[in-house]
Amino acid sequence: MKISYVTDPVDVDLGVIDLFDPDFYAHGDPHPVWKVMRDKAPVHRQTLTDGRSFLSVTRHADVLAVLKDHTRFTSRRGTLLSILGGTDPAAGKMLAASDPPVHTAMREPMMKVFSFSALKSTQPQILSVVHRFLAPLASGKPWDLAAAAAGFPMAFAGALMGLPEEDWPRLTRLSTMAAAPDDSVFGAEEGGHHNLLSAHHELFAYFADQVRDRGVERDDLIGFLTRMDAGGRRLRTDEIVYNCYSMLLGANVTMPHAIAATVLALMENPGEYARLTGESAQTALAVEEGLRWASPANHFMRYAVRDAVLSGVPIKTGEAVVAWLGSANRDGSVFADPYRFDVQRHPNRHVTFGFGPHYCIGAPLARIALRLLFGEIVQLVASFEPAGPVRHLASNFVSGVKSLPVTAALRDGASAPLTSAVADGGRLPSLPTA
Ligand code: HEM
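Described below are features of the structure shown in this document. (Residues numbered from 1 in each chain as written. Predicted model: local features only at pLDDT ≥ 70, side-chain atom pairs only at ≥ 80, totals over all residues. Heavy atoms only, no water.)

Comments concerning the environment of Met301
- Along the polypeptide, Met301 turns up in strand S5 (residues 299-304).
- Between the alpha carbons of Met301 and Phe355 there is a distance of 13 Å; along the sequence they are 54 residues apart.
- In contact with Met301, not counting residues within four places along its chain, are Gly78, Thr79, Leu80, Leu81, Leu84, Ala320, Val321 and Val322. (Helix = DSSP H or I, 4+ residues; strand = E, 2+ residues; numbered from the N terminus. Contact = heavy atoms within 4.5 Å.)

The following block contains the structure:
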């Protein structure tokens with residue numbers, strides 16, 4: 001999705017805007033649209049040609065209100081526009097598709113595995129992944145950073161889940177196919193629905209095998225899910241499979257775009273890149289700004305289970321309500337100069353990881369990995385240069401850059417760690433580029 005620097009005044013006809021259409025995010029630009037919605041139509045209804053409809057909320061305060069309150073807005077009927085009006089087979093079985101207290105009973109024990117302190121020991125492993133990922137820069141040739149970033153999370157999410165390395169490229173591809181089934185890279189002629197079903201089918205069958213094969217004996221996240229106490233009982237196989245699927249997608253379809261969009265913003269704002277020294281507190285702020293800027297998870301949906309009022313607009317029980325995170329992250333009432341990419345922005349109350357009971361369980365892992373990555377980038381790379389056109393993913397869910405060819409001028413002495421990373425490890429999986 002294009003990430004633009006909106007300047008006043010904006011002229012958009014909301015009557016013809018289609019926020020559902022995946023292609024709008026490959027070629028269009030939702031930022032001016034969201035600005036008009038925040039200013040003039042904070043709760044905006046869109047009706048599809050088949051009669052299904054949803055309400056869009058775009059203000060930061062309304063997005064928080066929807067995400068935090070499961071007593072008014074449930075997650076059990078589907079949380080993505082791709083299944084608008086349908087039923088969610090994962091309801092009550094997968095964290096993201098459950099409400100408390102079922103959600104709390106599953107989530108509390110899992111939090112132990114995903115806490116900062118539990119993940120601290122993975123830092124050396126993630127650093128070696130960072131070096132392998134950046135290694136192609138040493139050649140000085142153009143490198144598609146976005147396509148390569150697709151494989152970055154798999155190298156530690158796969159390790160955390162104990163998944164065999166030879167499966168990682170396939171899992172990388174299936175994850176993006178499940179999250180962005182309408183993108184041309186997955187064969188537009190088959191159609192998005194077909195792609196979605198076939199990715200789901202393969203991933204569920206894959207995880208069912210993983211759980212069945214060794215299940216409880218495993219010394220990894222799958223083993224943990226098999227053994228854990230979820231409110232006085234063990235999880236069933238289907239619940240473990242759904243949660244593995246959700247964790248794989250959670251990592252694979254979001255982090256690559258946080259990386260690509262941040263590098264793109266740093267290229268577009270060289271003055272901001274020049275402000276970075278690699279000092280850790282400063283890198284952490286820059287990563288948060290990159291997360292706000294990228295907002296890789298573009299929306300999450302809920303259904304109203306009681307009548308509600310948002311920004312003075314009544315919402316009826318049963319309505320689908322879509323919270324646009326990318327819009328909330330540009331709300332001028334919360335972020336000063338919201339269209340400025342400011343690597344030292346503080347405070348930065350972005351909603352990139354959501355809010356409330358479903359706040360991203362992988363946020364500590366994502367932050368550890370992104371801080372290590374951008375810390376290293378600043379140490380090794382003097383500047384990035386564009387080396388080809390930027391292409392965006394066709395998806396209303398993932399705000400994605402699918403192709404970002406770059407070259408880099410390395411700092412003195414930077415090639416050594418990168419060249420030895422290639423010698424030490426294999427290649428990371430990447431996405432095919434269509
Ligand atoms: C930049 C990276 C990431 C972004 C932007 C992101 C974004 C989000 C958001 C917005 C939610 C809230 C969903 C909702 O309210 O319905 C969420 C939930 C979730 N994320 Fe992430 N995520 C990221 C990384 C990860 C990673 C690395 C993992 C797993 C290792 C992960 C696994 C999950 C899971 C399982 C949930 C559901 C939590 C629940 O319902 O309690 N995410 N993520």
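Quick look at the site of the ligand
- Contacts to the ligand come from 26 residues, most closely from His103, Arg107, Arg302, His358 and Cys360.
- Here Leu95 contributes a backbone N or O atom positioned 3.5 Å from an oxygen atom of the ligand.
- The separation between an oxygen atom of the ligand and a polar side-chain atom of His103 is 2.7 Å.
- For the shell around the ligand, the secondary structure elements donating two or more residues are helix H4 (102-114), helix H12 (237-252), S5 and helix H17 (363-380).
- Counted by class, the shell around the ligand contains 16 nonpolar, eight polar and two charged residues. (Near = heavy atom within 4 Å. Polar contact = N/O pair within 3.5 Å; in protein donor to acceptor, adjacent residues only side chain to side chain. Nonpolar A, V, L, I, M, F, W, Y, C, P; charged D, E, K, R; others polar.)

Some details on the side chain of His131
- If you trace the backbone, His131 turns up in helix H6 (residues 123-134).
- Judged by its relative accessible area of 15%, His131 falls in the buried class.
- Here Glu376 takes part through its side chain, which lies 2.8 Å from a polar atom of the side chain of His131.
- Not counting chain neighbours up to four residues away, the residues in contact with His131 comprise Glu376, Leu380, Pro417, Leu418 and Ala421. (Buried < 20%, exposed > 50% of the residue type's maximum accessible area, 1.4 Å probe, protein only.)

Examining the coordination of the iron atom of the ligand
- Here the protein supplies the iron atom of the ligand with just one donor, Cys360 (SG), and that contact is 2.3 Å long.
- For Cys360, the location among the structural elements is in the loop between helix H16 (325-328) and H17. (Donors = N, O, S within 2.8 Å, 3.2 Å for Na, K, Ca; no water.)

Overview of the environment of Gly162
- Along the chain, Gly162 falls in the loop between helix H8 (154-161) and helix H9 (168-179).
- Residue class for Gly162 comes out partly exposed when judged on its relative accessible area of 26%.
- Separated by 57 residues in the primary sequence, Gly162 and Asp219 have C-alpha atoms spaced 7.9 Å apart.
- Not counting residues within four places of it along the chain, the set of residues in contact with Gly162 comprises Gln210, Arg214, Arg218 and Asp220.

Notes on the packing of H6 against H17
- The interhelical angle for the contact between H6 and H17, taken along N-to-C directions, is 50°, at an axis separation of 10 Å. On the basis of the axis angle, H6 is oblique to H17. Relative to H17, H6 is oriented so that their crossing is right-handed. Across the interface between the two elements, Gln123, Ile126, Leu127, Val130, His131, Phe133 and Leu134 of H6 pack against Leu365, Ile368, Ala369, Leu372, Leu373, Glu376, Ile377 and Leu380 of H17.
- Of the residues contributing to the contact of H6 with H17, the split by class is 12 nonpolar, two polar and one charged. (Axes fitted to C-alpha atoms, helices over the stretch in contact; angles between N-to-C directions. Parallel < 35°, antiparallel > 145°, perpendicular 65-115°, else oblique. Left-handed = near helix turned anticlockwise from the far one by under 90°.)

Remarks on the pattern of salt bridges
- In this structure the tally under the stated criterion is 21 salt bridges.
- The shortest N-O distance in the salt bridge between Asp183 and Lys402 comes to 2.8 Å. Linking Asp183 in the loop between H9 and helix H10 (192-214) with Lys402 in strand S11 (residues 401-403), this pair joins segments that are 219 residues apart in sequence.
- Taking the relative accessible area as the measure of exposure, Lys402 reaches 13% and is therefore buried.
- Salt-bridge contacts for Arg292 lead to Glu289; the nearest nitrogen and oxygen are separated by 2.9 Å. Of the two residues, Arg292 and Glu289 both sit in helix H15 (residues 280-294), three residues apart, roughly one turn of that helix. Both residues of the pair, Arg292 and Glu289, count as buried.
- Salt bridges sharing partners connect three or more residues here, namely Lys93, Arg233, Arg236, Asp238 and Glu239. (Salt bridge = Lys/Arg side-chain N within 4 Å of Asp/Glu carboxyl O.)

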